[in-house]
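# Report on the structure
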Amino acid sequence: MTLIDGKAIAQKTHAASKAAVAALQARGVTPGLAVVLVGDDPASRAYVRSKDKMCLELGMHSVKHELPADTAQADLIALVQKLNDDPSIHGILVQSPPPPHINERAIIETIDPRKDVDGFHPINVAKLALGDADGFVPCTPLGCQRLLIESAIETAGANVVVLGRSMIVGKPLALLLMNKGKGGDATVTVAHSRTKHLAEVCRGADILIAAIGRPEFVRADYVKDGAVVIDVGINRVEDPTSPKGYKIVGDVAFAEVAPKCRAITPVPGGVGPMTIAMLMANTIASAQRFAAS
């Protein structure tokens, strides 16, 4: 069994990103990422800090807008429009989820698709469906694909089951793996909570990608011998033995599934580091496109 090291692959990606930033700076362009956080969710705040830190490490321009939870939708839209017009900003990310009174779809649709480095604008979703490489792909699916490519796991002709149908991971990942080219050409089944005989469907996978948001949901009987398992889940569960009182687990029961696998990602240290790595790469790609236009 091979443990797919997301941290190491993310570092390799960051090294390439740093070189690309240096090349852009030699032309007088510094890639800029603006992150907008509405409210005071601790997990979101920590995630925003990590993005800001990585921007600085890569030599990128980083802007944080931390807004109170009662920020009006109109004010948030006005800020996004201002960032759309800012030539020093090449990527805009509004941290999800926003407070309940904010219409998240309206905010996403306000972002200039050329700066939508999260890949959720309808135009970018359509480009992904059409196989148009000019769009941006959501960072977590893109990170999953990169893990497979860097681990020399062949997707062409493989039977892939994506467990989960969210717009954040499941749907875009299915499209990405079906598209032609490296890291694609797979035969993809999207399974979910309403799928009949779910364990049997998952056992048919050469590559099983778990993104269902349920801690340790995938057990040994969901996985065939020799399968590759990519665990997207990040779940906090109570653990009285931990100083924090909790531990982080994936959507896969790692201890019982790993012995059956040809390769598997750990949680933490698998898909998670790749999400930020792909966000940086998307922002740099945006800066390159603006510089060329």
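Just above sits the structure.
### Some points on the nonpolar core
Across soluble globular proteins, you tend to see nonpolar side chains buried next to one another. With 53 residues, the main nonpolar core has Val160 and Met280 as its most contacted residues. The leading source of residues in this core is helix H10 (residues 272-292), at nine residues. In this structure, Val229, Val252, Ala258 and Ile264 belong to the second largest nonpolar core, which totals 21 residues.

### Re the sheet that holds strand S4 (residues 91-94)
One open sheet accounts for three strands, arranged S3-S2-S4; its pairing is parallel. Edge positions in the open sheet fall to strand S3 (61-67) and S4, since each of these has one partner strand only. Within this sheet the neighbouring strands show an average axis-to-axis angle of 15°, counted without direction. In the sheet, strand S2 (residues 32-38) pairs with S3 via seven bridges, with the strands oriented parallel. Counterpart to Ala34 in the pairing with S3 is Val63. Sitting on the sheet, helix H3 (residues 73-84) touches S2, S3 and S4, and the angle it makes with S2 is about 175°.

### Digging into the pattern of salt bridges
Under the criterion given, the structure shown has eight salt bridges. One salt bridge connects Asp40 with Arg45, and the closest N-O pair in it is separated by 2.7 Å. Salt-bridge contacts for Asp134 lead to Lys127; the nearest nitrogen and oxygen are separated by 3.1 Å. Residues participating in the shared-partner salt-bridge network are Asp40, Arg45, Lys64 and Glu66.

### Observations concerning empty space enclosed by the protein
Inspection of every chain in the model, using the stated rule, returns one cavity of 30 Å³ or more. If you go around the largest cavity, you meet 14 residues; those closest to its centre are Val94, Glu104, Ile108, Ile111 and Asp118. Looking at the lining of the largest cavity, the elements with two or more residues in it are S4 and helix H4 (104-110). Of the residues contributing to the lining of the largest cavity, the split by class is nine nonpolar, two polar and three charged.

The rules behind the values
- Residues numbered from 1 in each chain as written.
- Predicted model: local features only at pLDDT ≥ 70, side-chain atom pairs only at ≥ 80, totals over all residues.
- Heavy atoms only, no water.
- Core = buried A, V, L, I, M, F, W, Y, C linked by side-chain atoms within 4.5 Å.
- Buried < 20%, exposed > 50% of the residue type's maximum accessible area, 1.4 Å probe, protein only.
- Helix = DSSP H or I, 4+ residues; strand = E, 2+ residues; numbered from the N terminus.
- Pairing = 2+ DSSP bridges.
- Axes fitted to C-alpha atoms, helices over the stretch in contact; angles between N-to-C directions.
- Contact = heavy atoms within 4.5 Å.
- Salt bridge = Lys/Arg side-chain N within 4 Å of Asp/Glu carboxyl O.
- 1 Å grid on protein atoms, 1.4 Å probe; cavity = no way out; pocket = protein on both sides within 12 Å on 5 of 7 lines; lining within 4 Å.
- Points joined across faces, edges and corners; volume = space filled by probe spheres on them.
- Nonpolar A, V, L, I, M, F, W, Y, C, P; charged D, E, K, R; others polar.

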